[in-house]
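# Structural overview
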Amino acid sequence: MTATVPTTAALALGDDALVLSHRLGEWAGHAPVLEEEVALANIALDLLGQARALLSMAGDEDELAYLREERAFRNLQLVEQPNGDFAHTIVRQLYFSVHQHLLYTELAAGDGPFAPLAAKAVKEVAYHRDHAEQWTLRLGDGTEVSHDRMTRACDALWRFTGEMFQPVAGLDTDGAAMEAAWLESVGDVLRRATLTVPEGPRGGAWSAGAGRQGLHTEPFGRMLAEMQHLHRSHPGASW
Amino acid sequence: MATAAAHRTAAAAAHDAQDTAATTAYERAFDAAVAADDRIEPRDWMPDAYRATLVRQIAQHAHSEIIGMQPEANWITRAPSLRRKAILMAKVQDEAGHGLYLYSAAETLGTGRDELLDKLHSGRQKYSSIFNYPTLTWADVGAIGWLVDGAAITNQVPLCRCSYGPYARAMVRICKEESFHQRQGYELLLALSNGTPEQHAMAQDAVDRWWWPSLMMFGPPDDASQHSAQSMAWKIKRHSNDELRRRFVDICVPQAESLGLALPDPDLRWNEERGHHDFGAIDWTEFWEVLKGNGPCNEQRITQRRRAHDEGAWVREAAAAHAAKHNGGTQGARA
Amino acid sequence: MTDTDWPLWEVFVRSRRGLSHTHAGSLHAPDAELALRNARDLYTRRGEGVSIWVVPAAAITASSPDEKDPFFAPAADKPYRHPTFYEIPEGVKHL
């Protein structure tokens, strides 16, 4: 595969969607209430659809998903973080979907190669964002227990959020402006949810953030091993 | 319509009055409605036993949908292509949705979802025994779609004409949505059967393991089925267990041939005289053992269900607390 | 506080513009906003709707089957409310 400019970007965005979809798929049969089984699966299916479209821009979707090594994946470290409790999943959704919404809104408005896909996906992502915001408000401002769980989740995942605004080759987006908009939106939701905006670092040596360069966190290797093992066990087979 | 408080008014009134003449009039109206193939609706008077039978059956059906998510969800994270992964996620999601439709139907009879879930978690209500078998390979996802969903559809299509309105309506919606479930399973197995020798063997192994349990899904033979006769009289059930099982076998035989897979029954052959296939004896000891809780996955399935429910308690409580803080939350809404 | 505090909601879906909302089913939700979203996820995931209403089940007042006769029987003997009641000579159009 030649690393033409749109390929790098297609992999970055496609891997984000693929990996997060996979994580949400792990909730099946484990959600806190039946209605939420249906909601999480809807989001996972939207993301999987985006992933397939994006990976297909870069090559064969299954080859890319099932036959790349860990270091070849270009997703954010945020999306590969394990589900944790429902609070962690919701905060991960909040952090990511606000970012994805801002990004796809900008891509949809442009005339680049991702504009048609972004125009469709932005509607899906707007719903994901709304879902995350609704739950953040309820869990943040729910019981003492839920407030504590949300605080822990917000803090734990905060360090993975700086990476979202690194430049990606082939995406002509204004990272700084997007980061400012993200901080404002997320800050607003957290405050309305009676939560405190975390103060830890979001970039630099002690924060995470090299997923776009192919460096991932420990849980990711395990996730890929599970995702790829069947496909890899039958080389060349079709399914 | 599920107006919780109002469901039982007619029945309760009838009882409170202890007016035998009135009750008899209600009974006559009920019997006439059933006889005329009219539907019974939530607020109509109905015999207590009819109500209890429906609650038991609909609850068991709902529980089967949500426990039935587990064996298939077991393969979501390992689905071997992105297309298959999307299909499987959509299918497992549908099962959650179908569980919801059915719990809603049960609620129109005055029994809340919490109460039903509690009975499931404590073992007082059952779910279909088929889900106590494990999904050991990817081909099991196909076998479940083809055979288990196939058997379920054979059972469910007649339920669309069940005498109880809300149950019948839920089944119409479910049958419509499930039409893709069986096809995707068949297509999955076909791809394996036509694939590498390893894939073909995987498909045959799955069919070997799922065939007999699928036949057991229709329930015990007619002469040993304790609820059947009354349910048929009430038109909750339209066909006997054995009748539906026969129909299913007749449907499956040519489908298996097209798949290039064998059904694991040496006694299976066409009987010209009866116009049906003859098939071997079902191991009813296995059926009763699995039903009693001694199947390979009974413990695992119910433990996971309980854990998901318990671990979600704080979420449900938080949302309820939030709603109570912010205007009670029960104003209607539009979108 | 227990789970039972999530009330039951009735869901009405408009399948396409020009049609009225019809009852689709019910669900549980802690509040109206989530009820609406759950309804969207549950009852329109195959593109079945363009608009949704959710109504607390407890807010519905229903006619009772006991009142069936006084409520609905009197309307059954007024055939003159229906156009088929009237005989019009053949050939008369636009009536």
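Reading the values: the criteria
- Residues numbered from 1 in each chain as written.
- Chains lettered and ligands numbered in written order.
- Predicted model: local features only at pLDDT ≥ 70, side-chain atom pairs only at ≥ 80, totals over all residues.
- Heavy atoms only, no water.
- Buried < 20%, exposed > 50% of the residue type's maximum accessible area, 1.4 Å probe, protein only.
- Helix = DSSP H or I, 4+ residues; strand = E, 2+ residues; numbered from the N terminus.
- Arc of directions from axis to C-beta.
- Contact = heavy atoms within 4.5 Å.
- Phe/Tyr/Trp six-rings, centres within 6.5 Å; stacked < 30°, edge-to-face > 60°.
- Lys NZ or Arg CZ within 6 Å of the ring centre and 35° of its normal.
- Buried area = accessible area lost by both parts, 1.4 Å probe.
- Salt bridge = Lys/Arg side-chain N within 4 Å of Asp/Glu carboxyl O.
- Polar contact = N/O pair within 3.5 Å; in protein donor to acceptor, adjacent residues only side chain to side chain.
- Nonpolar A, V, L, I, M, F, W, Y, C, P; charged D, E, K, R; others polar.
- Core = buried A, V, L, I, M, F, W, Y, C linked by side-chain atoms within 4.5 Å.
- Axes fitted to C-alpha atoms, helices over the stretch in contact; angles between N-to-C directions.
- Parallel < 35°, antiparallel > 145°, perpendicular 65-115°, else oblique.

By the naming in an unreviewed UniProt entry, chain C is 1,2-phenylacetyl-CoA epoxidase subunit B, taken from Streptomyces shenzhenensis.

As recorded in an unreviewed UniProt entry, chain B goes by the name 1,2-phenylacetyl-CoA epoxidase subunit A, listed as coming from Streptomyces shenzhenensis.

Burial in helix 6 (residues 113–121) of chain B covers these residues: Arg-113, Leu-116, Leu-117, Leu-120 and His-121 of chain B. Down the axis, helix 6 of chain B shows its buried residues gathered within 135° of arc, on one side only. Elements in contact with the buried residues of helix 6 of chain B: helix 2 (34–58) of chain A, helix 3 (48–67), helix 5 (82–107) and helix 13 (298–311) of chain B together with strand 2 (22–28) of chain C. Within two residues after helix 6 of chain B, Gly-123 of chain B carries a phi angle of roughly 80°, on the positive side.

Time to look at the packing of aromatic side chains. Applying the stated criterion across every chain yields a total of 22 aromatic pairs over all chains. Their ring planes at 85° and their centres at 5.2 Å tell us that Trp-284 of chain B and Phe-287 of chain B sit as a pair that is edge-to-face. Of the two residues, Trp-284 of chain B and Phe-287 of chain B are both situated in helix 12 (residues 284–294); the distance of three residues between them amounts to about one turn of the helix. You'll find Trp-284 of chain B and Phe-287 of chain B in the same group, each marked buried. What links up through ring pairs into an aromatic cluster is the set Tyr-26, Phe-30, Trp-45, Tyr-50 and Trp-234 of chain B. Note that Arg-78 of chain B overlies the ring of Trp-75 of chain B, its terminal NZ or CZ placed 3.6 Å from the centroid. Here the basic side chain of Arg-40 of chain C rests over the ring of Tyr-127 of chain A, its NZ or CZ set 3.4 Å away from the ring centre.

In this section: the interface of chain C and chain A. Frequently, the measure chosen for interface size is the accessible area removed from exposure when the parts meet. Across the boundary between the two partners, chain C contributes twelve residues, which contact ten residues of chain A. When the two sides are added together, the surface that chain C and chain A hide from each other amounts to roughly 1,100 Å², 55% of it contributed by carbon and sulfur. Where chain C touches chain A, the interface holds three salt bridges. The salt bridge involving Arg-37 of chain C is made with Asp-130 of chain A; its shortest N-O contact spans 2.4 Å. Where chain C meets chain A, there are six residue pairs in polar contact (both at pLDDT 80 or more). At the level of elements, strand 2 and helix 1 (32–43) of chain C are the ones that each hand at least two residues to the side of chain C that touches chain A. Residues that form the side of chain C that touches chain A fall into these classes: four nonpolar, two polar and six charged.

Scanning the entire structure with this criterion turns up 35 salt bridges over all chains. In this structure, Glu-177 of chain B engages Arg-46 of chain C in a salt bridge whose closest nitrogen and oxygen atoms are separated by 3.5 Å. Residue Glu-177 of chain B is found in helix 8 (residues 165–193), and its partner Arg-46 of chain C is found in the loop between helix 1 and strand 3 (51–56); the two belong to separate chains. A relative accessible area of 5% means that Glu-177 of chain B is categorised as buried.

Right, let's get into the nonpolar core. Ranked by size, the top nonpolar core spans 189 residues in total, and within it Tyr-104 of chain A together with Trp-138 and Tyr-164 of chain B carry the most contacts. Excluding anything up to four places from it in sequence, Tyr-164 of chain B contacts Ile-40, Glu-41, Pro-42, Met-46, Tyr-50, Leu-54, Ile-58, Ala-105, Thr-108 and Leu-109 of chain B.

This next bit is on the packing of helix 5 of chain B against helix 6 of chain B. All names here are of chain B. In contact at an axis separation of 9 Å, helix 5 and helix 6 are set at 115° when each is read in the N-to-C sense. As the angle between them shows, helix 5 and helix 6 are arranged roughly perpendicular. Only Arg-113, Leu-116, Leu-117 and Leu-120 of helix 6 make contact with helix 5, whose side of the interface consists of Leu-100, Tyr-103, Ala-106 and Glu-107. Taken together, the residues of the contact of helix 5 with helix 6 sort by class into six nonpolar, no polar and two charged.

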